[in-house]
Amino acid sequence: MTAHRVVITGMGVTAANALSTGALARALEERRSGIRETAAFGTEGRARTAGEVDLPGPPLDAEDRVSRLALHAAEQALQDSGLAPGGRWSEDTGVMIGTSRGPALSLERFMRSGDAEARRKLFAEVPFSSIARNIATRFGLGGVLSTVTMACVSSSLAIGRAVDEIRRGRASLMVAGGADALTQLSFSGFSVLRAMTPTVCRPFDHRRNGMVLGEGAGILVLEALEHARQRGAKIHAELCGWGTAGDAHHPTSPHPEGRGLQQAMASALAQSGLTTEEIDFVNLHGTGTPANDPAECHALRQVFGARTASLPVNSLKPYFGHTLGASGALELIGSLLGMERDFIPPTLHCEELDAKCDVDVVRGEGRKRHIDVLMSTKSAFGGANVALIARRLPEAGREGR
Amino acid sequence: MTRTIVISGLGAVCPAAAGHEALWELFPRDGHEPVSTVAPERIPDAVFDNQPAQLRHMDRLGRISLAATTLAIEDSRLATSPGDPRQTGVVFASGHGCLPTNEEYLEGILERGPRYGNPVVFQNTVTNAATGYLSMVHDLRGPTATLCSGWAAGLEALRFGGQQIDEGRAERMVVGSADTVSPRLLEGLSLQGWLGTPGMTRPYAEESNGMRVSEAACTLVLEEQSRARARGARVYAEVAGTGQRGGPPQAQARTLAHAVRDALSLAEIEPERLGAVFSSANGRRDFDAWEYRALHEALGEHAARVPVTCPKAVLGETFSASGTLAVLLAALALDTGWVPGIPGSPRPGPGSELRLVTGAARRLTPEWVLVTALGAEGSAVAVVLRRSRP
């Protein structure tokens, strides 16, 4: 069976600190966070800050905020790939979107509204699949249409599945990524679980005391290498491996040794054909919660062994918050932007490493470093884990950038 | 697909049946007609009241999913020969996900304020909570995924599961799908004008006026044929091909036709070799018209010749579970040679040229069958199954 190489030819983001990839690259270089006191709704719990997006344009009644976040990023990604506007669409172009909360705001409005016609329209947005449907409808895409809802690994899994579609020739182009909006449901829920910080998110720091929520979207255009070459597309990177595995441990806590994450990383490495020595950098989930960060670091040591000591890692959560289902795509794009600029963004607010997180966390000013291969890992409620591996094309001097 | 992937375990729960044998009996063959079982639409609590105590925090979606999954794993004999847990993955699908649990959590905070949210309810407000419970109880540590792609999500899960085995990422995959019914879901569907008046669901019939809905959960065990045979599992059918497409909702018929063609192409057969179709028609006139046009577009003249059955006429619209339930019935049809029937003698709707299997199950001994699933939001999935070969 033929396995096509899969490359990224378009990227788009919507985040609290950036509404474009260019702006995100600058924000990461300038170590600029978008976290602020939230205005989305009143907060009564111990956390009051979030990564809230100032979305341009007037609100639309027809689309949930999560779809607007996703459409903003998708349009950028398609333009970046040279496919929009008036691009050449085909029925082989699919849409694979990940989301954790989906259109929860429409559900909330549906529950509050007493008007039957308003409720009828709102209900059409309530299914999680409405985000992918809105993208397919807006851009006229007729390939595989799918929605992954796997909490915090949603968009990573969507990207991995999109890679499979292209690798096996079931699609030539895929629009893949994820989105989540800030919702009172999430804010309240993580607050009552005491998972959110009342101060700042400090991944891997011994004073870390929780995460900060965010909203946003990250969308990629993926295509077969030969397809991209044929149409002369610019190529950001190759997605050369991915893996997923379950912890089978607890509904909300990771396995203390990152059992599933170890397997997801091993599976991604096996597919890529790369060794641990060839991975130059790992973008971790790094939520800043007491349980997550040590579990990830343990898994890292188990998989990378002695290589761990010289393996730079970071977390991008302090820049735009934990964007839940969007985090996998958004943070992969942030990492790729760094790779294109020979720069590893630092983990903000990480000042004194926790002994349980004794790995090479990039801090301070960040690190100038040439990166050829990077891995991005995410973990989620339900014990789900995904690892993605991206690399600079060896021939990038000719067609990459 | 490069490997021969088979179905080696069946589990299902719906209001009228728990277990695949009980489900099969809802489609009698000895001159007796099946009857619609849509009312009552809720699964009796007794079906899942003996689940592990440590999982008392599960919501209803998790409970019915676990009930179906436990049945499938028992049927597959995996409990006695589980193998390496890292080689058994799980994919779970739901059309509406944990919508009722989200409603429950939101009701609490809208009424009393966000700081009074119930943390136990909150942990179930992510749809993959169900996947997590399935993996914890049955120690499933391979590839994992939760899909919420609408009503076709169950068949999409089957497709994903087969791909994981085909890629060599897992030796076997537990493929589940479930949906529960809540008052707000019923209200939302009613506001769209999709629900029929009480009475029988009549797919493709002149008198059809909408669908009737029900809860259900269905789980299948997929694995490579040689492994299933080696451990003495019963092999019900082969998964020969799958196709998945999407697009704007107004293009549903074309979308499904594409998916069917993709599935036939992967199975490497011409439409004429299909011995039966398990259609996802549900009694909604627009929905059934899309399905009808898609079958004619994809199967050509054979669409008027091939026997077509509609499980939703008996089981109701069970959303994501509909597709996996249809696969379960199709696998049993291949295994036994009997194709389930549709209750009553519906008068074919205007322009309908389908050979519906009405009344009692019919002895047809098909070698190949097609199962379709159409989502309400633009997605479509088709699966071609083949009778198991020794």
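Everything below is about the structure shown above.
All values reported here derive from a predicted model rather than from experimental measurement. (Residues numbered from 1 in each chain as written. Chains lettered and ligands numbered in written order. Predicted model: local features only at pLDDT ≥ 70, side-chain atom pairs only at ≥ 80, totals over all residues. Heavy atoms only, no water.)

*Asks:* Which residues make up the interface of chain A and chain B, and what values go with them?
*Replies:* With 63 residues of chain A in contact, the opposing surface of chain B contributes 63 residues. At the boundary of chain A with chain B, the tally comes to seven salt bridges. One salt bridge in this structure joins A:Arg168 and B:Glu167, with 2.7 Å as the shortest N-O distance. Where chain A meets chain B, there are 23 residue pairs in polar contact (both at pLDDT 80 or more). Of all the elements in the fold, those that place two or more residues in the side of chain A that touches chain B are α3 (104-112), α4 (116-125), α5 (130-139), β5 (145-148), α6 (154-167), α7 (184-192), β9 (237-246) and α9 (259-272) of chain A. Counting residues per element, the side of chain A that touches chain B draws most heavily on α7(A), at seven residues. Residue composition of the side of chain A that touches chain B, grouped by class: 26 nonpolar, 20 polar and 17 charged. (Contact = heavy atoms within 4.5 Å. Salt bridge = Lys/Arg side-chain N within 4 Å of Asp/Glu carboxyl O. Polar contact = N/O pair within 3.5 Å; in protein donor to acceptor, adjacent residues only side chain to side chain. Helix = DSSP H or I, 4+ residues; strand = E, 2+ residues; numbered from the N terminus. Nonpolar A, V, L, I, M, F, W, Y, C, P; charged D, E, K, R; others polar.)

*Asks:* Quick one: what's the story with the pairing of strand β14 (residues 373-380) of chain A, residue by residue and with numbers?
*Replies:* Residue and element names in this part refer to chain A. Extensive coverage of β14 is indicated by the burial of eight of its eight residues. Across the two faces of β14 the burial is the same, with Val373, Met375, Thr377 and Ser379 and Leu374, Ser376, Lys378 and Ala380 all buried. Where strand β10 (residues 281-283) lies against β14, three bridges are found, and the strand directions are parallel. Residue Val282 lies in a different strand from β14, and its bridge partner there is Met375. Relative to strand β15 (residues 384-391), β14 runs antiparallel, the two sharing eight bridges. By the bridge assignment, Ser376 is partnered in β15 with Leu388. (Buried < 20%, exposed > 50% of the residue type's maximum accessible area, 1.4 Å probe, protein only. Pairing = 2+ DSSP bridges.)

*Asks:* Account for the pattern of salt bridges, naming residues and giving values.
*Replies:* One pass over the full model with this rule turns up 53 salt bridges over all chains. The shortest N-O distance in the salt bridge between A:Arg133 and A:Glu125 comes to 2.7 Å. Of the two residues, A:Arg133 and A:Glu125, neither departs from the other in class, the shared state being buried. With a closest N to O distance of 2.8 Å, B:Arg172 and B:Glu171 form a salt bridge.

*Asks:* Explain the sheet that holds strand β2 (residues 35-37) of chain A to me, and be specific about the residues and the numbers.
*Replies:* Residues and elements named next belong to chain A. The strand order across the open sheet formed by three strands is β2-β3-β7, and the pairing between neighbours is mixed. At either end of the open sheet lies a strand with only one pairing partner, and these are β2 and β7 (213-214). The pairing of strand β3 (residues 49-51) with β7 spans two bridges and is parallel. Each residue of the ladder has a partner; that of Gly51, found in β7, is Gly214.

*Asks:* So what about the side chain of B:Thr101? Which residues, and what values?
*Replies:* Residues and elements named next belong to chain B. By secondary structure assignment, the location of Thr101 is in helix α3 (residues 99-112). Judged by relative accessible area, Thr101 falls into the buried class, the value being 7%. Residues in contact with Thr101, not counting those within four places in the same chain, are Asp59, Val121, Asn124 and Thr125.

Geometric values such as these leave the question of function open.
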